[in-house]
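Observations on the model geometry
Listed here are the chains, written in short residue letters.
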Protein chains: 2
Amino acid sequence: MDPHLLRTFVAVAEAGSFSAAAERLGYTQSAVSQQIAALETDLGLRLLRRRPVEPTEAGARLLEHAGPLLLRLRAARADVLRTAALPAHRLTLAAAPLALNPVLSARLARGRAEQPRLRVRLRTTGRDVVAAQVAAGEADLGLTDGITAPSDPLRLPDAGPMTRVGVSEEELVVALPPGHPLAGRTGLRLADLVDARWLATPLCPLERLRDLVGDGFRAGLDYQGEDVHTVRNLVAAGHGLTLLPASAGAGVPLAAPRLVHRVELLHPSLPPGPAARLAAALSPPPS
Amino acid sequence: MDPHLLRTFVAVAEAGSFSAAAERLGYTQSAVSQQIAALETDLGLRLLRRRPVEPTEAGARLLEHAGPLLLRLRAARADVLRTAALPAHRLTLAAAPLALNPVLSARLARGRAEQPRLRVRLRTTGRDVVAAQVAAGEADLGLTDGITAPSDPLRLPDAGPMTRVGVSEEELVVALPPGHPLAGRTGLRLADLVDARWLATPLCPLERLRDLVGDGFRAGLDYQGEDVHTVRNLVAAGHGLTLLPASAGAGVPLAAPRLVHRVELLHPSLPPGPAARLAAALSPPPS
DNA sequence: GCGGGTCCATCAGAGATGCTTATATCAGGT
DNA sequence: ACCTGATATAAGCATCTCTGATGGACCCGC
């Protein structure tokens, strides 16, 4: 279970081919073949069916573990190396599309004003990639978002010890196409919308809704991206309803159940320095 | 960052000595020295101060990562191997001391009655060891417990993908020494007890209470064990108050905030078989 | 201050690992 | 059957990683 072997196993499974994986990894096909063989004899069972190359049941199980494992390994390395790094004057902030809402944009502006010499690079990435990037040291700070009950933490993929602070919670609205019969309401209950057609999006997955309210929520279009503009266009075109934070556009406030759009700030344990000051600036002012 | 090296690094840090770690691992002292040197040159910084042997800051950081990492590695291996294992007629259930309350004991009895030929081995372990044992395959099913808001999941150390099902939630009581002025009440609010002296126990850590209610909760005795009988004796002797599930003994019901003693069933993804049937028996009957 | 004991670092060599190159083997299509 | 595209195996070589021996730093009692 050498991580090295794990890495090539993942590559082979993804590529669907020993030779392709070998090329991607800079090995010969023979080396890859031997590495997979080594893994298989170590575990005593087949991980891949050949021709075509696809994971066996055991292999599928291993694949589930391998990703997080390799991520944590990179995270550990990054975290250790960070202790030696000098406080930089340039830092990277990774944010999910809906995470940098007006409130946080304003706080970010204030934070930058406090440290004029600090160069900030902002990067928008997928919601669940943020944690991975912070863990792996590819970003110094991260902002992710999601839908939860008030003051509940987000469910995030685990990428090692990391500080998580809720920095913003905002009302949700139901995004409806213009002219929708319910568009004039002043508030909607989720339970009243179980029979509607819903977009499946990463922000607002249908299983989450079903968990909260019960069965229903017919699936409309399944949208895999995270682009808010696109989502709103899809809603307008009648592909289905979805939930959005109030600041992301018009809609009817969600009255029940009590859910919020929550943004969390993610970062490794920070030594005092520019990064820590910016993190403080992004956090809600102490009441 | 070979796990092999990580393992010896942890061993050295724990043993506080290269030679002692070497003996424990079955290596020579020389090998251990070389392994640590390899890790240090790989990362480009010192992980241990020598004479006496103690982790540097970077080393301490690495130590935090190493444990969970190695655990997940073992978990992955165990999980993969499990796909090949035949359904056994003997399985091990790991339970925290307070997890197997009357309700669950009864469900366990019913489950065993359903499968008379199934031999069940029950093991009581520390609350956070349960997850590790299940992940590492040392137990087939696990029951942990903790204090949360109703229907909130427990905060558990992450040990890889694992199914978690809430199987029981029970009212909490404040355990008081006999003759305590508040002992006659019919209900107590946590906020009214911020100034009392509290036991610090793994089930009811004071930081958790402070998170929920605010500062206060003076620390009495710090009890590291998990033995309920001992805890009750400590309370009776006036070392401090604590929260217990109602079924664990007399006390005054906790009226606010709304908290429960929650028990969760942990298990890897189970193929249909005796283990899955027992897991079903332990889960609450569908309403 | 000196000698012995303890502990970690270093060195040299034996054996195991893990790569590459070359070749064998296999499955499927024609 | 034969060719093609693919994985498996074999042999050779470089590297890695142990062991055992030795060296150097520190602590302690005398």
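If you're wondering where the values come from, they're calculated on a predicted model, not measured in any experiment.

Rules of the game
Throughout, residues of each chain are indexed from 1 in the direction in which the sequence is written. Here chains are named by letter from A upward and ligands by number from 1 upward, in the order in which they appear as written. Only residues with pLDDT of at least 70 are given local features in this predicted model, and only at 80 or more are side-chain atom pairs given and counted; all residues enter the totals for whole chains, interfaces and linings. For the side-chain quantities, the full set of heavy atoms in the structure was used; hydrogens and water were omitted. Residues count as neighbours in contact if any of their non-hydrogen atoms are within 4.5 Å of one another. Two parts placed together each lose some accessible area under a 1.4 Å probe, and adding up what both lose gives the buried area. Should a side-chain nitrogen of Lys or Arg be within 4 Å of a carboxyl oxygen of Asp or Glu, the pair is scored as a salt bridge. Polar contacts, as counted here, are pairs of nitrogen or oxygen atoms within 3.5 Å of one another; within protein the pair requires one atom able to donate a hydrogen and one able to accept it, and residues that are adjacent in sequence qualify only if both atoms are side-chain atoms. Helical segments are the DSSP runs of H or I of at least four residues, strand segments are the runs of E of at least two, and each set is numbered from the N terminus. Working definition: a ring pair exists when centres of Phe, Tyr or Trp rings (six-membered ring for Trp) sit within 6.5 Å. Plane angles under 30 degrees give stacked, over 60 give edge-to-face, the rest tilted. Three exposure classes are used, based on accessible area relative to the maximum for each residue type with a 1.4 Å probe and protein chains only: buried under 20%, partly exposed in between, and exposed over 50%. The nearness test applies per residue and asks whether one of its heavy atoms lies within 4 Å of the molecule or strand. UniProt positions are given in the numbering used here, feature names are shortened, and annotations may be inferred rather than shown by experiment. Among buried residues, those of type Ala, Val, Leu, Ile, Met, Phe, Trp, Tyr and Cys that are joined through side-chain atoms within 4.5 Å constitute a nonpolar core. Basically, the charged four are Asp, Glu, Lys and Arg, the nonpolar ten are Ala, Val, Leu, Ile, Met, Phe, Trp, Tyr, Cys and Pro, and anything else, Gly included, counts as polar. Copy-to-copy superposition: least squares on the C-alpha atoms, limited to residues that have pLDDT of at least 70 in both copies. Scored from 0 to 100, pLDDT reflects the predictor's confidence in each residue. One requirement defines pairing of two strands: DSSP has to find at least two bridges between them. Picture the helix axis, draw a direction to every C-beta atom, and the arc is the one those directions span.

1. Regarding the interface of chain A and chain B
On the side of chain B, 30 residues touch chain A, which itself brings 30 residues to the contact. Between chain A and chain B, the buried area comes to about 2,900 Å², and carbon and sulfur atoms account for 65% of it. The tally of links between chain A and chain B comes to 4 salt bridges. Between Arg 61 of chain A and Asp 79 of chain B there is a salt bridge; the shortest N-O distance is 3.2 Å. Along the contact surface separating chain A from chain B lie 8 residue pairs in polar contact (both at pLDDT 80 or more). For the side of chain A that touches chain B, the elements supplying multiple residues, two or more each, are α3 (29-43) and α4 (57-82) of chain A. Ranked by the residues each element gives to the side of chain A that touches chain B, the list is headed by α4 of chain A, at 16 residues.

2. Digging into the packing of aromatic side chains
Residue and element names in this part refer to chain A. One pass over the full model with this rule turns up 2 aromatic pairs over all chains. On the numbers, 5.5 Å between centres and 70 degrees between planes, the contact of Trp 198 with Phe 217 is edge-to-face. In this pair, Trp 198 sits in strand β8 (residues 197-200) while Phe 217 sits in the loop between α7 (206-213) and β9 (218-222), placing the two residues 19 residues apart along the sequence. Phe 217 matches Trp 198 in its accessibility class, with the two residues each being buried.

3. Regarding the protein's contact with DNA strand C
Thr 28, Ser 30 and Gln 35 of chain A together with Ser 19 and Arg 50 of chain B are the nearest of the 18 residues found near DNA strand C. Each atom of DNA strand C within 4 Å of the protein was assigned to sugar, phosphate or base; sugar and phosphate come to 58%. Residue Gln 34 of chain A places a side-chain N or O atom 3.0 Å away from a base oxygen belonging to DNA strand C. Separating a base nitrogen of DNA strand C from a side-chain N or O atom of Gln 34 of chain B is a distance of 3.4 Å. Secondary structure elements with two or more residues in the surface near DNA strand C: α3 of chain A together with α2 (18-25) and α3 (29-43) of chain B.

4. As for the UniProt feature "domain: HTH lysR-type" (unreviewed entry) in chain A
Mapped onto the present numbering, the UniProt feature "domain: HTH lysR-type" (unreviewed entry) falls on residues 1-56 of chain A. Structurally, residues 1-56 of chain A is divided into 64% helix and 7% strand, and its ends, taken at the C-alpha atoms, are 17 Å apart.

5. Focus on the nonpolar core
Among the nonpolar cores identified, the biggest contains 54 residues, and Leu 47 and Leu 62 of chain A together with Leu 47 and Leu 62 of chain B are the most heavily contacted of them. The set of elements that each furnish at least two residues to this core consists of α1 (3-15), α2 (18-25), α3 and α4 of chain A together with α1 (3-15), α2, α3 and α4 (57-82) of chain B.

6. What about the side chain of Ser 168 of chain B?
All names here are of chain B. Summarising the element assignment, Ser 168 is placed in strand β6 (residues 163-175). Under the relative-accessibility criterion, Ser 168 is labelled buried at 10%. At a separation of 3.2 Å, a polar atom in the side chain of Ser 168 contacts the side chain of Asn 101.

7. Overview of the environment of Val 173 of chain A
All names here are of chain A. Within the fold, Val 173 resides in strand β6 (residues 163-175). Relative accessible area serves as the criterion here: at 4%, Val 173 is assigned to the buried category. Each C-alpha atom of the pair Val 173 and Arg 72 lies 36 Å from the other, and the pair is 101 residues apart in sequence. For Val 173, the contacting residues outside a window of four places in its chain are Thr 242, Leu 243, Leu 244, Pro 245, Ala 246, Gly 249, Ala 250, Gly 251, Val 252, Pro 253 and Leu 254.

8. Focus: the protein's contact with DNA strand D
Residues in contact with DNA strand D amount to 19 residues; listed here are only the nearest, Phe 18, Ser 19 and Arg 50 of chain A together with Thr 28 and Ser 30 of chain B. Counting only the atoms of DNA strand D that lie within 4 Å of the protein, the sugar and phosphate share comes to 50%. Residue Ser 19 of chain A places a side-chain N or O atom 2.3 Å away from a phosphate oxygen belonging to DNA strand D. Taking Ser 30 of chain B, its side chain carries an N or O atom lying 2.6 Å from a base oxygen of DNA strand D. When the residues that make up the surface near DNA strand D are grouped by side-chain class, the tally is 4 nonpolar, 12 polar and 3 charged.

9. Regarding the relation of the copies chain A and chain B
For these two chains of identical sequence, chain A goes onto chain B by a turn of 180 degrees and a shift of 0.0 Å along the axis, with RMSD 0.1 Å. Both copies of the chain, as the preceding transformation shows, are related through a two-fold rotation axis. Looking at the interface residues of chain A, 100% of them are also at the interface in chain B, so both copies use one shared face.

10. What about the confidence of the model for chain A?
Detail in the predicted coordinates should be disregarded across regions flagged by low pLDDT. On average, residues of chain A carry a pLDDT of 87, and 100% of them reach 70 or more. Between the elements of chain A, mean pLDDT differs from a low of 81, seen in α7 of chain A, to a high of 94, seen in strand β12 (residues 260-267) of chain A.

11. Considerations on the pairing of β6 of chain A
Residues and elements named next belong to chain A. Here 8 bridges tie β6 to β12, and the two strands are oriented antiparallel to one another. Within β12, the residue paired with Thr 163 across the bridge is His 267. As paired strands, β6 and strand β10 (residues 242-245) are joined by 4 bridges and run antiparallel to one another. Considered in β10, the bridge of Ala 175 is made with Thr 242.

12. A few points about helix α8 (residues 228-236) of chain B
Residue and element names in this part refer to chain B. Looking at α8, one finds that the buried residues are Val 228, Val 231, Leu 234 and Val 235. Projected down its long axis, α8 shows its buried positions confined to an angular sector of 120 degrees, all on one face. Turning to α8, the residues buried within the fold contact β6, β8 (197-200), β9 (218-222) and β10 (242-245). Phi turns positive one or two residues past the end of α8, at Gly 238, with a value near 85 degrees.

13. Thoughts on the pattern of salt bridges
All chains considered together, the criterion is met by 26 salt bridges over all chains. Notably, a salt bridge pairs Glu 54 of chain A with Arg 49 of chain A, separated by 3.5 Å at the nearest N-O pair. A salt bridge links Glu 264 of chain A to Arg 164 of chain A; its shortest N-O distance comes to 3.0 Å. Taken as a pair, Glu 264 of chain A in strand β12 and Arg 164 of chain A in strand β6 lie far apart in primary sequence, 100 residues in all. Accessibility expressed as a relative area gives 1% for Glu 264 of chain A, which makes it buried. A residue is classified by how much of its surface remains accessible, and Arg 164 of chain A, at 37% relative accessible area, is partly exposed. Ionic contacts of the salt-bridge type, sharing partners, join the residues Glu 57 and Arg 61 of chain A together with Asp 79 and Arg 82 of chain B into one network.

14. Overview of helix α9 (residues 274-282) of chain A
All names here are of chain A. Restricting attention to buried positions, one finds in α9 the residues Pro 274, Ala 275, Leu 278, Ala 279, Ala 281 and Leu 282. Buried residues of α9, viewed axially, fall in a sector of 160 degrees; they line one side. Taken together, the buried residues of α9 touch β3 (90-95), α5 (102-114), β4 (119-124), β5 (141-148), β6 and β12.

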